[in-house]
Amino acid sequence: MKLRMAVALLCATSAAFFAIAGADSPYKFFDWNVTFGDIYPLGVRQTGILINGQFPGPDVHSVTNDNLIINVHNSLNDHFLISWSGIQNRRNSYEDGVYGTTCPIPPGKNFTYILQVKDQIGSFFYFPSLAFHKAAGGFGGIRILSRPRIPVPYPEPDGDYTVLIGDWFKSNHTNLKARLDRGKKLPFPDGILINGRGPGVNNVLRHFIPGKTYRLRISNVGLQNSLNFRIQNHRLKLVEVEGTHTLQTTYSSIDLHLGQSCSVLFTADQPAKDYYIAFSTRFTSRVLTSTAILRYSNSAGPVSGPPGGPTIQIDWSLNQARSIRKNLTASGPRPNPQGSYHYGLINTTRTIILSNSAGQVNGKQRYAVNSVSFVPADTPLKLADYFKIGGVYRVGSISDKPHGGKIYLDTSVMQADYRAFIEIVFQNNENIVQSWHLDGYNFFVVGMDGGQWTAASRRGYNLRDAVSRCTTQVYPKSWTAVYVALDNVGMWNLRSEFWARQYLGQQFYLRVYTTSTSLRDGYLIPKNALLCGRARGRRTRPF
């Protein structure tokens, strides 16, 4: 009760926050205690990150436009931050939960995140963004349901489940971090977790009723591998990816790349017995597979046979990715068809080409974007902007085109104009699958193909029903192009979802800038903002 009253008072003092909270925008309150604890996901004891004693953490259930008040108590002996993958934090990157925008929560302290899932639906997740904590847990699912008045393009499923998958190491996150700090690469993972558990018969999803249809919200929260998902003898109907209703295409299995989320429907229409749910690493010479068991309510027999998976590699996955399209006849978060935004008729004003690379700097492994390997500044970049603290970063410290030079270290920030409509091309010249995420935005994935991108590649773009999402894969020796409307002012992290690469520099910040001081364009700094680095001791602006 005290928490509710305190947070209500905090919100009441914020004119900026009131601006986003309408009559049909209820508040939901969460109180989380983050601790270290023993976990045994692969049969050996490890130190994991628990939220309210849970690994993975609790699901966040919400409805479009809900205001989420999440009070996080840091009971670790480390500084800590939670980021909200896919939650767009409209005009409010202070709440993004990455070090470029937000000071960490010190040990023994708390911070209250104030988020609004403004005009969003779909399946997402949260995770810890500092100190390689993601390798210890601290992640959980986020689901945003449509408001009752907004039609959903399929019947209400008979059950709705979160499934968090990802590769995992038996080593503690501190050992993995120390390895990276010494300039070494990570080894191959030891296993794959399904909702925090490794392979085994104890991981059972129970009580599926014959003839009923169920929704699975699946997120790849792992560190370095794309995964393939399938249910033995069942078909999967893809209905949503990261907040976009898709054409309802049916697949036997689905590739889910690092940081991506999707929703599938399946019907319990097979003989009443147990079936494997299987996840396998993709594009690896050594294949790891983890299984759970789907059990019918009247199951008459155990699982049988191996859980087979795809045998065709890159081309199979590329063709599947191209088949994922936006459902133009479905309503999104508002009661108008998703297709009413004709992105293909808008002229882009800028093309940014991003090329990833790997190499040694001062004898240590580093990763880069356009030859720049990101190093964190001593002060969050967003705070440096607000308090006009010079010398923290330089606008233009990263080029918007690759130049082929050697990797070097810098706090890389690229500026872009508010309300510009731009093209970003991810050019992957390496032999691994990349996965890229942009905080604060969804983008239209208009094209992907092998080889080098050129201006002629635009002839093959999908300018009608490209899927809109916040994370996209780039296949080996290939490119992926996206269109993005820069309608969200702030300092936004653009990063590799291959977490060792992100940690060792494969990221930068996109500063979406306007000279406007209107609250319609960007909110003031939250009154409860933590201050650190060169911003420590300064006063936030009173509301």
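Heads up: the structure comes first, above all this text.
Quick summary incoming for the structure in this document. (Residues numbered from 1 in each chain as written. Predicted model: local features only at pLDDT ≥ 70, side-chain atom pairs only at ≥ 80, totals over all residues. Heavy atoms only, no water.)

## Details of the state of the cysteines
The tally for this structure, following the rule as stated, stands at one disulfide. Disulfide pairing is shown between Cys-103 and Cys-532; the S-S distance is 2.1 Å. In this structure the cystine formed by Cys-103 and Cys-532 twists about its S-S bond by roughly -90°; its chirality is therefore left-handed. With Cys-103 in the loop between β5 (82-85) and β6 (110-116) and Cys-532 in the segment after β34 (507-513), the pair connects residues that are 429 residues apart, well separated along the chain. A single burial state applies to Cys-103 and to Cys-532, both of which are buried. Cysteine Cys-262 shares no disulfide, and the gap to the nearest cysteine sulfur, in Cys-470, comes to 12 Å. By relative accessible area, Cys-470 is classed as buried at 2%. (Disulfide = S-S within 2.5 Å. Helix = DSSP H or I, 4+ residues; strand = E, 2+ residues; numbered from the N terminus. Buried < 20%, exposed > 50% of the residue type's maximum accessible area, 1.4 Å probe, protein only.)

## Observations regarding the nonpolar core
If you look at the biggest cluster of nonpolar residues, it comprises 63 residues, and the most contacted ones within it are Ile-218, Phe-229, Val-264, Phe-279, Leu-354, Ile-424 and Leu-486. Apart from the residues within four sequence positions on either side, Ile-218 is in contact with Val-163, Ile-165, Phe-229, Leu-256, Gln-260, Ser-261, Cys-262, Val-264 and Phe-279. The next biggest cluster of nonpolar side chains, apart from the first, holds 26 residues, and it includes Trp-32, Val-72, Ile-87 and Ile-144. (Core = buried A, V, L, I, M, F, W, Y, C linked by side-chain atoms within 4.5 Å. Contact = heavy atoms within 4.5 Å.)

## A look at the pairing of strand β31 (residues 471-474)
With burial as the criterion, each face of β31 is covered, one bearing Thr-471 and Gln-473 and the other bearing Thr-472 and Val-474. Where strand β28 (residues 434-438) lies against β31, four bridges are found, and the strand directions are antiparallel. Note that in β31 the partner of Trp-436 across the bridge is Thr-472. (Pairing = 2+ DSSP bridges.)

## Side note on the layout of surface pockets
Considered as a void within the structure, the largest pocket measures approximately 910 Å³ in volume. Along its surface, the largest pocket is lined by 30 residues, and Gln-88, Asp-119, Pro-333, Tyr-341 and Asp-487 are the ones closest to its centre. For the lining of the largest pocket, the secondary-structure elements that each account for two or more residues are β29 (443-450) and β32 (478-485). It is β32 that provides the largest number of residues to the lining of the largest pocket, a total of three residues. The class makeup of the residues in the lining of the largest pocket is 11 nonpolar, 10 polar and nine charged. (1 Å grid on protein atoms, 1.4 Å probe; cavity = no way out; pocket = protein on both sides within 12 Å on 5 of 7 lines; lining within 4 Å. Points joined across faces, edges and corners; volume = space filled by probe spheres on them. Nonpolar A, V, L, I, M, F, W, Y, C, P; charged D, E, K, R; others polar.)

## With respect to helix α4 (residues 314-323)
Among the residues of α4, those classed as buried are Ser-317, Leu-318, Gln-320 and Ala-321. Buried residues of α4, seen end-on, are gathered within an arc of 160° and therefore sit on one face of the element. If you follow the buried residues of α4, they end up packed against β16 (250-251), β17 (254-256), β29 and β31. (Arc of directions from axis to C-beta.)

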